[in-house]
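Notes for the structure review
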Amino acid sequence: MSFYWIKTKSFIKRLFSNYVWDLPNTQNKIYLTFDDGPTPEITEWVLEELKKHNVKATFFCIGNNIQKHPELFQKVINEGHVIGNHTYDHMNGWKTETKTYLENIRLCEKQIQKSLIENLQSKIFRPPYGKIKTAQAKIVRRLGYKIIMWDVLSADFDQTITPEKCLENVISNVKSGSVIVFHDSIKASHNLKYALPETLNFLKEKGFLFDVIK
């Protein structure tokens, strides 16, 4: 398994201060985000769990998945969740030429726009794997996007950890303003299906409020 931080280090946030890592506030708000959907087997389940708790979240979607599952993508929008761009093909910016990477972002944006009544007013982008070159990031921001990273990684994608560990990753590190990452993907589903309901119960009991990223 590749190395990753569950809790983003403060020096990383300072070093890359042009990216959004958290959203500090005085109202105890936190921000649930889901990457890599829409995925029929998982996204439908996520939407039902969020609805049970009347929670809205931010979904960073892959353009290719939007194109394959337009009705499910529309359901995410109709239920009041916010959409972010996650490239068309889940591209690793570190391994991709800038021109190709930017075109992939544009392809995803086109798929998103097809399902929206109005054009995106506030554009948000999360680079797959959190990997984006400085030159790419500068142009992405110039195109009007905010680059959204994270404060807490659930690591639900890591099939070497237990669902209980996935839950612990979140509840041991969350604070007001945290941007938390889950994945509505097949790979993450085993951990997600345990950790998400428990996370929602825990955070509500602790008095956290849920908000979306715009």
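Residues numbered from 1 in each chain as written. Predicted model: local features only at pLDDT ≥ 70, side-chain atom pairs only at ≥ 80, totals over all residues. Heavy atoms only, no water.

**Describing the environment of aspartate 184**
Which entries qualify depends on this criterion: Strands here are runs of E lasting at least two residues and helices are runs of H or I lasting at least four, both read from the DSSP assignment and numbered beginning at the N terminus. We call two residues in contact when some of their heavy atoms are within 4.5 Å. N or O atoms closer than or at 3.5 Å make up a polar contact, with two conditions inside protein: a donor-capable atom paired with an acceptor-capable one, and, for residues adjacent in sequence, both atoms drawn from side chains.
If you trace the backbone, aspartate 184 turns up in the loop between strand E7 (179–183) and helix H8 (189–205). If near-sequence neighbours (up to four positions away) are discounted, aspartate 184 is found in contact with Phe34, Asp35, Asp36, Gly37, Pro38, Thr39, Ile42, Thr43, Val46, Phe59 and Leu192. In this structure the side chain of aspartate 184 is engaged in a polar contact, spanning 2.8 Å, whose partner is the side chain of threonine 43.

**Description of the packing of helix H2 (residues 40–52) against H8**
This is how the line gets drawn: Angular values range over 0 to 180 degrees, each being the angle between N-to-C directions of two axes fitted as lines to C-alpha atoms, with helices fitted over their stretch in contact. Should an angle fall under 35 degrees it is called roughly parallel, over 145 degrees roughly antiparallel, and 65 to 115 degrees roughly perpendicular, with every other angle called oblique. Classification convention: Asp, Glu, Lys, Arg as charged; Ala, Val, Leu, Ile, Met, Phe, Trp, Tyr, Cys, Pro as nonpolar; all other residues, Gly among them, as polar.
Their axes nearest at 11 Å, the elements H2 and H8 cross at an angle of 10 degrees. Judged by the inter-axis angle, H2 sits roughly parallel to H8. For the pair H2 and H8, the contacting residues are Glu41, Ile42, Trp45, Val46, Glu49 and Leu50 in the first and Ser189, Leu192, Lys193, Leu196, Pro197 and Leu200 in the second. Looking at the contact of H2 with H8 residue by residue, the classes come out as eight nonpolar, one polar and three charged.

**Considerations on the packing of H2 against helix H4 (residues 70–78)**
Test applied: Note: crossing handedness is left-handed where the near helix turns anticlockwise from the far helix by less than a right angle, and right-handed where it turns clockwise.
At their nearest, the axes of H2 and H4 sit 11 Å apart, and the two run at 15 degrees to each other. With respect to H4, the element H2 is oriented roughly parallel. For the crossing formed where H2 meets H4, the hand is left-handed. Between H2, through Pro40, Thr43, Glu44, Leu47 and Glu48, and H4, the contact on the second element is made entirely by Leu72, Lys75 and Val76.

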